[in-house]
Amino acid sequence: MNEFEKKLYLHGKSVKEHIVSPVNIERKDFFEMKSTKKVSARFILVTAVIVVLGATTVLAATNSSFQELLSQLNPIDRHYVQPIELSCIDNGIKMEVVAVGAYGNRLKAYITMQDIEGKRLNETSEFYINAKADGGVLGGGAENAYYDKDSGLWTVLYKTVPSSALAKSGKVTFSMEEIQSNPQIYNGQEYDINLTQVNKNPKIVQVSRNGDIGVSATVSQNGNVAMSLLKPNEIIKTFPKIDYCKITNMGIIDGKLHLQVWRDSTVKPFSNIYLIDKKGQLIQEIDRAFFAVDKNNKIDRILSIADENGKIVKNEGIPEHYEYTEYIYDIDINNIEDYTLTGEFTKFDEIDGNWQVTAEFDSKKDIIEINKQMDIDGLGIDKIVITPFGIDFSGSKYTYDAENFDVRVYRNNESVQLKWGGGVGFSNDGKYEAILFDSPKPIDTSSINSISINGRTIPITKR
C-alpha cells in the first residue's frame, strides 16, 4: 500500500475496497477453504438477463469438471456439493456452473470462467455475477476465488444471501454481462485542485430534499425539506486523462463548502473524489446530494443522504442515473488553502456478453426443520432450520443481542460452536426472515443429537 492509499479512507472503508485488486490465493488454500483473503467485494443486483439466441450457447460439460473439482476439494466439502456442469459461451468466454451446495435457504456455487479464444482473462479479472430465484433477485457475491495461471481458469466460490426463494424453487439462474480486467489506476499530485478558486458567492438553486423537483414533488422518509445546492456547470475543472468525471462547481453556501461532481453514468470506471487536510487526513462530508440535470441545465431529481437535522440516513454509494453528486463539508473556510481536493480513478479493459446458466438442485435434503414457537432471551423464534452449513432462525421478534448468542450443535459427544452470520428480511414490526449462525465446517445433520441456544437445549428427534 502506497502513502496515498494509507491516508485515504472513504466512508469508513479503505481505498482498496473501492478499487479492483489482483487476487492471489494459493490453489491449496482456496480448495481447502483455509484462506481468509477475499475477492474484492463487487457484485451487482439486477434482474435476470434475457439471452439472445445465437449470441450465446448453453451446453453440458463434455469433460467432467465436477470430478476435477472434487479432486481438489477437501474430503469434508466433497460430500456437500452436487454436480451441475452446465455452461454458457459468449464472446469467446465460457462460464460454467460446476457444482452447488444447496440446503434450505442457503446456497454456495462453484463457477468457473475461461477464455477459450485467447488470453484476455488474468489474475486481475473481476466478474459481475448475478443470481435470481423464483422471480426475485438474490443478493450475493464471491466469497473466495482462485486463478490458475497455467490453464487460465478462474474458479469462484459464489455465495448467495439466504432466501426462502431458494428452498421454494429449487433452482437459481446465474448471469453475467461484463468482465473487467487490467485496472489502470490514476492518482497523484497532478489530480489536485486548488480550492482557493472556490466561488464564495455562488449562484444557488433551492430544491426539495429527497423529492422530485416542481409539480411532481414527493415526500420521502426524511420529509420534503428545502436545501440549497450550487447551480450546475458554473465552474468546470477537469482531471488529466479522465473524460468521465469532472468538477462542475465549487462554492460556499451558509458557511459550508459545496463540491459538485459530474460522472458519466454510461461508463463503468470508478472515480473517487477526496477532500484532505494539510495533515493528509480525509475529511468526511456532512451531506451528499445526488441529482440529474435536464437539457436546460436545471436540476431534475434530487436524493440526499442526510435528513433535515444533519443525520446521515443513507450511505449506499452513488445511485444509478444520478450523474451529479454534490458533497457538502463543514470545514474552516477561512483557511481553505489548508485543504486539497484530489481524486483516484480506475479504468478497465472490458469484455461484454450475455452469460446465463440455470442450475436446478435438491435444496430440501439433509436439513432439519423445527416448527416451534419459543422466546430465548428476547429473540422470538417461530422456526429453526438446521443445514450442513449452519442454523437459520426465523420469527416475529428480533433482538440486537442475537449476534452475541451462544449457539452450538451437539453430535456424537462433540460440541460445535457456530458463529454469527448476519440476518435478512427485517421489518418494522420486528419480524425477520432469517438470522444465521454459520458452522466453521460442514456438519452431517444425521449425526446431530441436539442444539443449544444460550444454554437452552433443544433435542433433535431422529428421522
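Shown above is the structure to which this text applies.
Read on for an overview of the structure.

Conventions we followed
- Residues numbered from 1 in each chain as written.
- Predicted model: local features only at pLDDT ≥ 70, side-chain atom pairs only at ≥ 80, totals over all residues.
- Heavy atoms only, no water.
- Salt bridge = Lys/Arg side-chain N within 4 Å of Asp/Glu carboxyl O.
- Buried < 20%, exposed > 50% of the residue type's maximum accessible area, 1.4 Å probe, protein only.
- Helix = DSSP H or I, 4+ residues; strand = E, 2+ residues; numbered from the N terminus.
- Polar contact = N/O pair within 3.5 Å; in protein donor to acceptor, adjacent residues only side chain to side chain.
- Contact = heavy atoms within 4.5 Å.
- Patch = residues over 30% accessible without salt bridge, like charges linked within 9 Å, V, L, I, M, F, W, Y side chains within 5 Å.
- Areas by Shrake-Rupley, 256 points an atom, 1.4 Å probe, with all protein chains shown as cover.
- Lys, Arg positive; Asp, Glu negative; His and termini not counted.
- Charge placed at Lys NZ, Arg CZ, Asp CG, Glu CD.
- Arc of directions from axis to C-beta.
- Core = buried A, V, L, I, M, F, W, Y, C linked by side-chain atoms within 4.5 Å.

1. Let's talk about the pattern of salt bridges
(1) Moving on: By the definition in use, this model includes 12 salt bridges.
(2) Moving on: Between Asp366 and Lys365 there is a salt bridge whose closest N-O contact spans 3.9 Å.
(3) Moving on: Residue classification places Asp366 among the partly exposed positions, given a relative accessible area of 35%.
(4) Moving on: A salt bridge links Lys397 to Asp375, with the shortest nitrogen-to-oxygen separation between them at 2.5 Å. One end of the pair, Lys397, is in the loop between strand S25 (390-395) and strand S26 (407-411); the other, Asp375, is in strand S23 (residues 368-376), and 22 residues separate them in sequence.
(5) Moving on: We classify Lys397 as partly exposed; its relative accessible area is 39%.
(6) Moving on: Where salt bridges share partners, they join Arg106, Asp392 and Asp438 into one cluster.

2. Focus: the side chain of Ser439
(1) Moving on: One can find Ser439 in the loop between strand S28 (432-438) and strand S29 (448-453).
(2) Moving on: A distance of 2.4 Å separates the side chain of Ser439 from the backbone oxygen of Lys441, its partner in a polar contact.
(3) Moving on: Beyond its immediate sequence surroundings of up to four residues, Ser439 is in contact with Pro388, Phe389, Gly390, Val416 and Leu418.

3. Structural notes on a negative patch on the surface
(1) Moving on: Taken together, the side chains of Glu177, Asp349, Glu350 and Asp352 present a region of like negative charge at the surface.
(2) Moving on: Sorting elements by how many residues they give to the negative patch places strand S22 (residues 340-360) first, with three residues.
(3) Moving on: By the element assignment, Glu177 lies in strand S11 (residues 171-186).

4. Some remarks on the environment of Gln67
(1) Moving on: Mapped onto the elements, Gln67 comes out in helix H3 (residues 65-72).
(2) Moving on: Separated by 16 residues in the primary sequence, Gln67 and Pro83 have C-alpha atoms spaced 8.7 Å apart.

5. Things to note about H3
(1) Moving on: Every buried residue of H3 is accounted for by Ser65, Phe66, Leu69 and Leu70. Viewed along the axis of H3, the buried residues span an arc of 140°, placing them on a single side of the element.

6. Things to note about the nonpolar core
(1) Moving on: Within the largest apolar cluster, 33 residues are counted, with the highest numbers of intra-cluster contacts made by Leu107, Ile111, Met113, Phe127, Ile129, Val172 and Phe174.
(2) Moving on: Among the elements that take part in this core, strand S5 (residues 93-103) stands out by supplying five residues, more than any other.
(3) Moving on: Setting aside residues no more than four positions away along its own chain, Leu107 makes contact with Val100, Gly101, Ala102, Tyr158, Lys159, Thr160, Leu166, Val172, Phe174 and Phe361.
(4) Moving on: Formed by 26 residues, the second largest nonpolar core is a distinct cluster that contains Ile381, Val407, Val409 and Tyr432.

None of the figures reported here should be taken as evidence of function without further support.
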